[in-house]
Amino acid sequence: MSLFAVSAHADDAELRRQIVGTWQLVSVVYEDATTKDRTPVYGEHPKGIQIATPEGRWLALMTADGRNVPKTDADRAQALKSMIAYTGRYRVANGQVITKVEAAWNEAWVGGEQVRNIRFDGDRLTIESPPLPHPNMNDKTVRVIVVWQREKL
């Protein structure tokens with residue numbers, strides 16, 4: 001039993017080492033929890049950045065492709081629905097990144113934890129949420145699948 005715990009700890013240490021850096025957004029897909037249909041909700045070319053520091057700071061910002069400059073309150077409400085942003089302290093445990101949210105585009109996330117499964121494929125990082133009611137989808141239950149590319153300096 002203790003051998004397994006050491007092995008799992010070593011895997012998490014390696015995942016934490018790999019996740020540190022700056023990442024460019026590649027895609028954001030919502031997978032319907034019931035039908036498993038996948039929708040690229042932020043378009044084919046969303047914009048975004050994710051930063052994970054060695055000290056444990058996390059920042060993620062994603063915006064939809066083709067956003068317009070908001071001019072009315074309705075435009076501003078739509079702009080809020082075409083983005084995700086949050087920041088806080090993170091840790092890696094059991095193959096997941098867990099962020100204790102300090103500030104977010106969705107105030108309901110502040111003070112809670114965002115738990116995401118992570119996997120690496122070369123310089124690509126895939127982060128997946130568990131199925132959850134999403135505020136940008138009228139609380140429809142979806143799994144958010146986000147792909148990032150390590151930024152080349």
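Located above this text is the structure these notes cover.
Keep in mind that this is a model prediction, so the values were computed, not measured.

Caption draft 1: Region of the structure containing the overall build of the chain. Per the secondary structure count, the chain includes two helices and 10 strands. Going from N to C terminus, the chain has its helices and strands arranged as α-β-β-β-β-α-β-β-β-β-β-β. Dimensions of the chain along its principal axes, counting C-alpha atoms only, are 60 × 40 × 30 Å. Looking at the chain as a whole, 38% of its 153 residues are labelled buried.

Caption draft 2: Quick look at the pattern of salt bridges. Evaluation of the coordinates by the stated rule reveals 10 salt bridges. A salt bridge links Lys152 to Asp123; the nearest nitrogen and oxygen atoms lie 2.4 Å apart. Taken together, the positions of Lys152 in the segment after β10 (140–150) and Asp123 in the loop between β7 (113–121) and β8 (124–128) put the pair 29 residues apart, joining distant regions of the chain. Via salt bridges that share partners, Glu31, Arg38, Arg119, Glu128 and Arg143 belong to a single interconnected network.

Caption draft 3: Structural view of the environment of Val142. In this fold, Val142 is placed in strand β10. In this structure, the C-alpha to C-alpha distance between Val142 and Pro130, residues 12 residues apart in sequence, is 8.0 Å.

Caption draft 4: Spatial organisation of the pairing of strand β1 (residues 21–32). Across four bridges, the pairing between β1 and strand β3 (residues 47–52) is antiparallel. Its bridge partner lying in β3, Gly21 is registered against Ala52. Bridge analysis of β1 against β10 gives nine bridges, and the strand direction is antiparallel. Bridging from a neighbouring strand, Val29 pairs with Ile145 of β10. Note that β1 and strand β2 (residues 38–39) share two bridges and pair antiparallel. Its bridge partner being in β2, Glu31 is matched across the sheet by Arg38.

Caption draft 5: Fine view of the nonpolar core. In terms of nonpolar packing, the biggest core is built from 30 residues, with Ile19, Trp58 and Ile118 touching the most fellow members. Counting residues per element, the ones that place at least two in this core are α1 (2–19), β1, β4 (57–63), β5 (83–93), β6 (96–104), β7, β8 and β10. Among the elements that take part in this core, β5 stands out by supplying six residues, more than any other. Beyond its immediate sequence surroundings of up to four residues, Ile118 is in contact with Leu15, Ile19, Val92, Gly95, Gln96, Val97, Leu125, Thr126 and Ile127.

Caption draft 6: Geometry of the pairing of β10. Relative to β10, β8 runs antiparallel, the two being bridged by five bridges. When the sheet's bridge partners are listed, Glu128 is paired in β10 with Ile145.

Caption draft 7: Fine view of the side chain of Thr53. Checked against the element boundaries, Thr53 lands in the loop between β3 and β4. Within the local environment of Thr53, its side chain forms a polar contact with the backbone nitrogen of Arg57, the two atoms lying 2.9 Å apart. Discounting chain neighbours no more than four positions away, the residues touching Thr53 are Arg16, Val20 and Tyr90.

Reading the values: the criteria
- Residues numbered from 1 in each chain as written.
- Predicted model: local features only at pLDDT ≥ 70, side-chain atom pairs only at ≥ 80, totals over all residues.
- Heavy atoms only, no water.
- Helix = DSSP H or I, 4+ residues; strand = E, 2+ residues; numbered from the N terminus.
- Buried < 20%, exposed > 50% of the residue type's maximum accessible area, 1.4 Å probe, protein only.
- Salt bridge = Lys/Arg side-chain N within 4 Å of Asp/Glu carboxyl O.
- Pairing = 2+ DSSP bridges.
- Core = buried A, V, L, I, M, F, W, Y, C linked by side-chain atoms within 4.5 Å.
- Contact = heavy atoms within 4.5 Å.
- Polar contact = N/O pair within 3.5 Å; in protein donor to acceptor, adjacent residues only side chain to side chain.

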